[in-house]
Amino acid sequence: MTDGGPPIIAIAGFMAAGKTTVARALARRLGRAWADLDEAVTKREGRTPARLIEEDGEAAFRDAETRALSDLLERGEASVIALGGGTFALARNRVLLAAHGCVSVWLDAPFDLCWRRITEAGAAPRPLARDRAAARRLYDERLASYRLASLRVRVSAASSPEATAAEVAGAVGA
């Protein structure tokens, strides 16, 4: 938490749920700084999450992700953070967020919407979602963790990032 300031808002959810886009819109709406955890990992490690996973495995990536999250929280430069799709699924990351007084928000997007976005032309490759069945299993596995978030905001294909950001802002009282 920033020194007596508003709590950090951590946006959680599955791949392609809209975390980065909503975090950016929310930060703009609130006049706050924001960060994307995948970008923080890339900057800290010198490789994208996809490359880290492909070259060193998912466990090594998750360790790098936790280090990057800890750095972001310790520096306190961002008061809105777009988490990676699996960040909130790890208890150690939820503990870290709670220790910093963060408000976690689950963008609850249906699997079919996420899959459509994952497979859109021009979408970045996602090593943990190489096929629909694997992605669906991962989505189902992570649901229990996402349900632990402080707040839940439903996302649909009709939801604009700005409307979703407004809903999040209202829910957190910002």
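The notes below deal with the structure included here. The structure displayed is predicted, hence computed values, not measured ones.

As a further point, take unusual backbone geometry. Even without glycine at this site, alanine 16 takes up a positive phi of about 65 degrees. Here alanine 16 lies in the loop between β1 (9-12) and α1 (19-30).

Locating arginine 28 in the fold gives a position in helix α1. Arginine 28 sits 134 residues away from glutamate 162 along the chain, and the two C-alpha atoms are 9.5 Å apart.

Following the criterion strictly, the structure yields 15 salt bridges and no others. Arginine 75 is the salt-bridge partner of glutamate 77, the closest N and O atoms lying 3.3 Å from each other. In this structure glutamate 77 comes out as exposed when scored by relative accessible area, which is 53%. Residue classification places arginine 75 among the partly exposed positions, given a relative accessible area of 47%. When salt bridges with common partners are traced through the structure, they connect Arg44, Glu45, Arg67 and Asp71 into a single cluster.

Rules behind the numbers
Residues numbered from 1 in each chain as written. Predicted model: local features only at pLDDT ≥ 70, side-chain atom pairs only at ≥ 80, totals over all residues. Heavy atoms only, no water. Helix = DSSP H or I, 4+ residues; strand = E, 2+ residues; numbered from the N terminus. Salt bridge = Lys/Arg side-chain N within 4 Å of Asp/Glu carboxyl O. Buried < 20%, exposed > 50% of the residue type's maximum accessible area, 1.4 Å probe, protein only.

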